[in-house]
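# Summary of the model geometry
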Amino acid sequence: MGGLFTKSKKQSRVTEQDKAVLQLKQQRDRLKQYQKRIELSLENDRQMAKKCLAQGRKDRAKLLLRKKKYQETMLANTDKQLENLEKMAADIEFAQVEMQVLEGLKQGNAALKKMHEILDINEIEKIMDETRDGIEKQQEIDSILSDALTQQDEDDVLAELEALEAEEAANIAVSLPEVPSDKLPEVVEDVAGDNEEELATEKVGKVKEKPTKVLVEA
């Protein structure tokens, strides 16, 4: 039962190089903190030396300045150590990149090797030879067929080709819709207005021409 509740251990992705870079960066941070403390101490020693001189304590001021000088030397050494730490960390990180590149090249070479095993040179040459032989054989067959046919045979072939082309053209024509042969109706001009005017004029003329009756007294 205890095995059911135990958590499976996952493989850590942190490498030894990652741990080394982390330790170097931690040491760098500690050195920077140490530098800050020294810088504060230098300023304090300088101020104390000034006070001692003001009080007439020259020996004490000289001792404080010696201490300050020693700490300045230590500060310069820490700068060199910081430079070395940062350079080492950068070198390790770059080495990790190079390892990744080399691993990629290794996998690529392995893949190429497998492909080369599949594509054997002898097999490729065999395939190319077979292809070349097939092309040459087909060319020989075409040459034999062309030599075996007479001029009359060639004419018959051309005639049959033209007949097939004509048949194909006829099939295309049949599949197209027929164009209507009926004539389109003529357009009749709208002269209704003109006819009405002429009829009205004729009626007026007839009214004028109608004889008037004359009454004769008895």
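Residues numbered from 1 in each chain as written. Predicted model: local features only at pLDDT ≥ 70, side-chain atom pairs only at ≥ 80, totals over all residues. Heavy atoms only, no water.

Summing up its helical and strand segments, the chain has six helices and zero strands in all. The linear arrangement of helices and strands in the chain, starting from the amino end, is α-α-α-α-α-α. Nonlocal contacts in the chain, meaning residues at least 24 apart in sequence, comprise 76% of its contacts between residues at least 6 apart. Of the accessible surface of the chain, which amounts to about 20400 Å², a share of 57% is contributed by carbon and sulfur atoms. (Helix = DSSP H or I, 4+ residues; strand = E, 2+ residues; numbered from the N terminus. Contact = heavy atoms within 4.5 Å. Areas by Shrake-Rupley, 256 points an atom, 1.4 Å probe, with all protein chains shown as cover.)

Contact pair helix α2 (residues 16-54) / helix α3 (residues 58-118): the axes reach a minimum separation of 8 Å and the direction vectors enclose 165°. Of the possible angle classes, the one that applies to α2 and α3 is roughly antiparallel. Between α2 and α3 the crossing geometry is left-handed. Counted by class, the contact of α2 with α3 contains 22 nonpolar, eight polar and 15 charged residues. (Axes fitted to C-alpha atoms, helices over the stretch in contact; angles between N-to-C directions. Parallel < 35°, antiparallel > 145°, perpendicular 65-115°, else oblique. Left-handed = near helix turned anticlockwise from the far one by under 90°. Nonpolar A, V, L, I, M, F, W, Y, C, P; charged D, E, K, R; others polar.)

Helical geometry: 3.6 residues make up each α-helical turn, so side chains three or four residues apart lie on a common side. Here α2 contains 39 residues, and its C-alpha end-to-end distance of 57 Å stays within 8% of the 57 Å for a straight helix at 1.5 Å per residue. By the burial criterion, the buried members of α2 are V21, L24, L31, Q35, I38, S41, L42, D45, A49 and C52. Where α2 is buried, its residues contact α3. Note on α2: the residue one or two positions beyond its end, G56, has a positive phi of about 85°. (Expected span 1.5 Å × (residues − 1). Buried < 20%, exposed > 50% of the residue type's maximum accessible area, 1.4 Å probe, protein only.)

Next up on the list: the side chain of Q96. Looking at the element boundaries, Q96 is found in helix α3. Filtering out sequence-adjacent residues up to four positions away, Q96 remains in contact with T15, Q17 and D18.

A few words now on the side chain of D45. Mapping D45 onto the fold places it in helix α2. Its relative accessible area of 6% is what places D45 among the buried residues.

Another point: the environment of K25. Inspection of the secondary structure puts K25 in helix α2. In this structure, the C-alpha to C-alpha distance between K25 and L85, residues 60 residues apart in sequence, is 7.5 Å. Within the local environment of K25, its side chain forms a polar contact with the side chain of E93, the two groups lying 3.1 Å apart. (Polar contact = N/O pair within 3.5 Å; in protein donor to acceptor, adjacent residues only side chain to side chain.)

Moving on, we get to the confidence of the model for the chain. A residue-level look at the chain finds 72% of positions with pLDDT of 70 or above and a mean pLDDT of 75. Within the chain, no element has a lower average pLDDT than helix α1 (residues 2-5), which sits at 46, and none a higher one than α3, at 86. Overall, residues 1-8 carries pLDDT values under 50, and its contacts beyond four positions in sequence, including any with other chains, amount to zero contacts. Of the regions scoring below 50 in pLDDT, residues 207-218 engages in zero contacts with residues more than four places distant in sequence or in other chains. (pLDDT = per-residue confidence, 0-100.)

Okay, the pattern of salt bridges next. Per the stated rule, a full pass over the model turns up six salt bridges. Across the pair D91 and K87 runs a salt bridge whose closest N-O atoms are separated by 3.2 Å. Residue D91 and its partner K87 are both found in helix α3; the two are separated by four residues, about one turn of the helix. The exposure class of D91 is partly exposed, given its relative accessible area of 40%. Note on K87: relative accessible area 53%, which makes it exposed. A salt bridge links R132 to D129, with the shortest nitrogen-to-oxygen separation between them at 2.8 Å. Placement of the pair is R132 and D129 together in helix α4 (residues 121-148), with a separation of three residues, close to one helical turn. (Salt bridge = Lys/Arg side-chain N within 4 Å of Asp/Glu carboxyl O.)

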